[in-house]
Protein chains: 2
Amino acid sequence: MNQPDASAIHAFLTERQDEIVSAVEARDTSGRFERQTLEGERGGLARPAVFGGGDVFDRVAVNFSHTRGADMPAAASQARPHLAGASYEAISVSVIVHPTNPYAPTSHANFRYFQAKPQKGDPVWWFGGGFDLTPYYGFEEDAVGWHRHAKAACDTLGPQAYARYKAWCDEYFYLPHREETRGVGGIFFDDLNQPDAAACEAFWRAAAQTFVPAYFEILDRRRDTTYGPRELDFQRYRRGRYVEFNLLYDRGTRFGLQAGGRTESILASMPPIAHWQYDYQPEPGSPEAELARGFLQPRDWLGIADPTLEH
Amino acid sequence: MNQPDASAIHAFLTERQDEIVSAVEARDTSGRFERQTLEGERGGLARPAVFGGGDVFDRVAVNFSHTRGADMPAAASQARPHLAGASYEAISVSVIVHPTNPYAPTSHANFRYFQAKPQKGDPVWWFGGGFDLTPYYGFEEDAVGWHRHAKAACDTLGPQAYARYKAWCDEYFYLPHREETRGVGGIFFDDLNQPDAAACEAFWRAAAQTFVPAYFEILDRRRDTTYGPRELDFQRYRRGRYVEFNLLYDRGTRFGLQAGGRTESILASMPPIAHWQYDYQPEPGSPEAELARGFLQPRDWLGIADPTLEH
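Everything numeric here is computed off the predicted structure, so don't read it as measured data.

Cut-offs applied
- Residues numbered from 1 in each chain as written.
- Chains lettered and ligands numbered in written order.
- Predicted model: local features only at pLDDT ≥ 70, side-chain atom pairs only at ≥ 80, totals over all residues.
- Heavy atoms only, no water.
- Least-squares fit on C-alpha atoms with pLDDT ≥ 70 in both.
- Contact = heavy atoms within 4.5 Å.
- Buried area = accessible area lost by both parts, 1.4 Å probe.
- Salt bridge = Lys/Arg side-chain N within 4 Å of Asp/Glu carboxyl O.
- Polar contact = N/O pair within 3.5 Å; in protein donor to acceptor, adjacent residues only side chain to side chain.
- Helix = DSSP H or I, 4+ residues; strand = E, 2+ residues; numbered from the N terminus.
- Nonpolar A, V, L, I, M, F, W, Y, C, P; charged D, E, K, R; others polar.
- Pairing = 2+ DSSP bridges.
- pLDDT = per-residue confidence, 0-100.
- Buried < 20%, exposed > 50% of the residue type's maximum accessible area, 1.4 Å probe, protein only.
- Disulfide = S-S within 2.5 Å.
- Phe/Tyr/Trp six-rings, centres within 6.5 Å; stacked < 30°, edge-to-face > 60°.
- Core = buried A, V, L, I, M, F, W, Y, C linked by side-chain atoms within 4.5 Å.
- Expected span 1.5 Å × (residues − 1).

Draft legend 1. Focus on the relation of the copies chain A and chain B. For the pair chain A and chain B, the superposition axis carries a translation of 0.0 Å, the fit reaches an RMSD of 0.0 Å, and the rotation angle comes to 180 degrees. Seen this way, the second copy is the image of the first under a two-fold rotation axis. When the interface residues of chain A are mapped onto chain B, 100% of them are again interface residues, pointing to one common binding face.

Here it is as structure tokens:
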């Protein structure tokens, strides 16, 4: 196998979308998914599925897209300038889950495959993806469980993979103006095409298949926790940080909007409600203060990662 | 007068801050301003004044700052690369008013003065500023009155000034991913140092003194309009657009955060509550639909501006 099979990847990611939609529908019958199929150029398509107004989930967006282009934009190939102008295909699923209960964390995942055929030279391909967790109230049990799942998927690629991709995730999901990570991290990887197509795809499939068990285990543990206005206020305040990250820093969001992607699909990641409160300071020693202190700095959840490792 | 007097400008902008604070306090005794004086390097200072939780105003931020630096950052001098490394002073007031009543528009203003002393060559200075209005429900009377005030201030500089600065405002406060302006505009100008210091300063002072009468006249007309949950929901939805503009595009916000400015002061412009609703479409013919159609595209409110004019 010299190059992954795009049609098999298309089918695999379609299954992942359906699996996530089913996991949501199984837990929340009060809201509903709006599903669309939007045709793109050259046989490309987008299938957004967005859920709102439920009892368990405030908002869930699970977007599948398969893009085909004749002329790769410079922005998409910054790391590979020789690909500008190449014909390409990009296949991805993006997921965001904003649960209703403030004790249940928000989660994000993205799995993507890219291949391009430059006018000169060999075709190129790579995988990217990852998942990360953003709690409003921190639980070590959740963070450790999440990272154990991440590590198990990474170990299919090699013994260094988890440490590298964990560090990359901490670095990517960072808000310098707040001196905070977005949450407790997870894994993030891109440009993956080594050692060979079969090994990359096996790892990438394992990572994508990890999301549902890893996340819904935590959700199910937290979704029925009793909460009141205090927790809801804090959740909405913290969702302002999510908005800040996505609009100020997230490359997918910024490039997607700049490239003229469908705005409503790209911004389906926004929380339904976000609050900003001037100069808010949580009470020292409170669970709200503990979040920033104990959970929003890169931390070696499994006692094994080397956070100084270069990715 | 070869160069404006920085200490007179400092005093003038301090007065503008106090004037705006008084205009808010005179209308709303239920909330309060948090005022601070923060000392900066080399005798610089920042005086944020942020109001929250009132009956008439959800949030008001009026920030005065006087920054002094020994080594001008490259980002601040993009248009003037020979100033990189120069010693400089920047004096500004930034204002944002988010009223409670959805029929009353949000308003933003900024007035700034900049001077730098490069190691080689003459000192340079310039003025910048402007004000713009963001209604949730559109009223021609408000937009026309606002632009009349703007034009009166601009006419002190010359007959072309209003048309240029009105077009610049429409261009600056534009959300390409929504194909909308942020609101009905106003004026925006920067790098102003022609024809001479006296003329520039006179215009700039006139513009800064225009803000209070121009805005509070509209506010007073709308603040007691009866409204219900429908209008409040739409206001919060539209405030999501304000967040999108400030975090995705506003240079002051993005550069301020990148340059390590005080995050809480910079993000005091955020609305207290913003909502995102997936694929929201207002009912055709409703006032909510009329906003986008009639008020969020550049429009010649006074029947005189040439929107194609280059600034």
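Draft legend 2. Inspection of the interface of chain A and chain B at higher detail. Tallying the contact residues gives 30 residues for chain A and 30 residues for chain B. Here chain A packs against chain B, burying approximately 2800 Å² in sum over the two surfaces, 55% of which is carbon and sulfur. Of all residues in chain A, A:Glu264, A:Trp276 and A:Tyr278 give up the largest surface area on contact with chain B, accounting jointly for 30% of the area buried on that side. Joining chain A to chain B, the criterion identifies 4 salt bridges. One salt bridge connects A:Arg262 with B:Asp279, and the closest N-O pair in it is separated by 3.4 Å. Linking chain A with chain B are 19 residue pairs in polar contact (both at pLDDT 80 or more). Sorting the residues of the side of chain A that touches chain B by element identifies β3 (45–52), α5 (229–248), α6 (251–258), α7 (263–266) and β11 (273–275) of chain A as the ones contributing at least two each. Sort the elements by how many residues they give to the side of chain A that touches chain B and α5(A) lands first, with 5 residues. Of the residues assigned to the side of chain A that touches chain B, the class counts are 16 nonpolar, 6 polar and 8 charged. Direction of pairing for β11(A) relative to strand β11 (residues 273–275) of chain B: antiparallel, over a ladder of 3 bridges.

Draft legend 3. Main features of the confidence of the model for chain A. Confidence in the prediction for chain A averages 93 pLDDT; 95% of positions are at 70 or higher. Interface confidence in the predicted complex, given as ipTM, is 0.93; pTM for the same model is 0.94.

Draft legend 4. Inspection of the environment of B:Thr156 at higher detail. Residues and elements named next belong to chain B. Its place among the elements puts Thr156 in the loop between α2 (140–155) and α3 (161–172). Along the sequence, Thr156 and Cys200 sit 44 residues apart, while their C-alpha atoms lie 9.2 Å from each other. For Thr156, the contacting residues outside a window of four places in its chain are Ala202, Phe203 and Ala206. Polar contacts involving the side chain of Thr156 include one to the main-chain carbonyl oxygen of Ala153, which spans 2.6 Å.

Draft legend 5. Up close: unusual backbone geometry. Residue and element names in this part refer to chain A. In this chain, Gln194 is followed by Pro195 through a cis amide linkage whose omega measures 5 degrees. The residue Pro195 is located in the loop between β10 (185–192) and α4 (197–222) in this model. Of note, Asp279 is a non-glycine position whose phi angle comes to about 55 degrees, a positive value. The topology assignment puts Asp279 in the loop between β11 and α8 (287–295). Residue classification places Asp279 among the partly exposed positions, given a relative accessible area of 22%.

Draft legend 6. Local environment of the state of the cysteines. Residue and element names in this part refer to chain A. Counted under the stated rule, the structure contains 0 disulfides over all chains. The thiol of Cys154 is unpaired, and the distance to the nearest cysteine sulfur, on Cys169, comes to 10 Å. When its relative accessible area of 0% is taken as the criterion, Cys154 is described as buried.

Draft legend 7. Structural detail: the packing of aromatic side chains. Under the defined criterion, the tally for this structure stands at 64 aromatic pairs over all chains. When the centroid spacing of 6.4 Å and the interplanar angle of 80 degrees are considered together, the rings of A:Trp146 and A:Phe211 count as edge-to-face. Within this pair, whereas A:Trp146 is found in helix α2 (residues 140–154), its partner A:Phe211 is found in helix α4, the two being separated by 65 residues in sequence. For A:Trp146, a relative accessible area of 0% translates into the label buried. Using a relative accessible area of 1% as the deciding quantity, one classes A:Phe211 as buried. On the numbers, 4.6 Å between centres and 55 degrees between planes, the contact of B:Tyr237 with B:Tyr280 is tilted. Pair noted here: B:Tyr237 is in helix α5 (residues 229–248) and B:Tyr280 is in the loop between β11 and α8 (287–295), with a separation of 43 residues, a long-range link. A relative accessible area of 8% means that B:Tyr237 is categorised as buried. Note on B:Tyr280: relative accessible area 22%, which makes it partly exposed. Aromatic ring contacts, followed pair by pair, group A:Phe33, A:Phe51, A:Phe57, A:Phe111, A:Phe131, A:Trp146, A:Phe211, A:Tyr215 and A:Phe216 into a single cluster.

Draft legend 8. Summary view of the nonpolar core. In this structure, A:Leu13, A:Phe57, A:Phe111, A:Phe127, A:Phe131, A:Tyr165 and A:Phe211 are the most contacted members of the largest nonpolar core, which totals 72 residues. Apart from residues lying up to four places away in sequence, A:Phe211 is in contact with A:Ile20, A:Val95, A:Val97, A:Ser107, A:His108, A:Ala109, A:Phe111, A:Phe131, A:Trp146 and A:Phe216. Ranked by size, the runner-up nonpolar core spans 71 residues in total, among them B:Ile9, B:Tyr165, B:Ala214 and B:Ile218.

Draft legend 9. Representation of α4(A). With 26 residues, α4(A) should reach 38 Å at 1.5 Å per residue; the first-to-last C-alpha distance of 38 Å fits that figure. A distance of 3.1 Å separates the backbone nitrogen of A:Ala198 from a side-chain oxygen at the start of α4(A), and that oxygen is part of A:Asp196.

Draft legend 10. Layout of the pattern of salt bridges. Across all of its chains, the model carries 50 salt bridges over all chains by this definition. When the shortest N-O distance is used, the salt bridge between A:Arg178 and B:Glu264 registers 2.8 Å. One end of the pair, A:Arg178, is in the loop between β8 (174–175) and β9 (180–181); the other, B:Glu264, is in helix α7 (residues 263–266), on a second chain. For the pair formed by A:Arg178 and B:Glu264, the shared burial category is buried. For A:Arg223, the salt bridge goes to A:Asp220, with nearest N and O atoms at 3.1 Å. For A:Arg223, a relative accessible area of 27% gives the class partly exposed.

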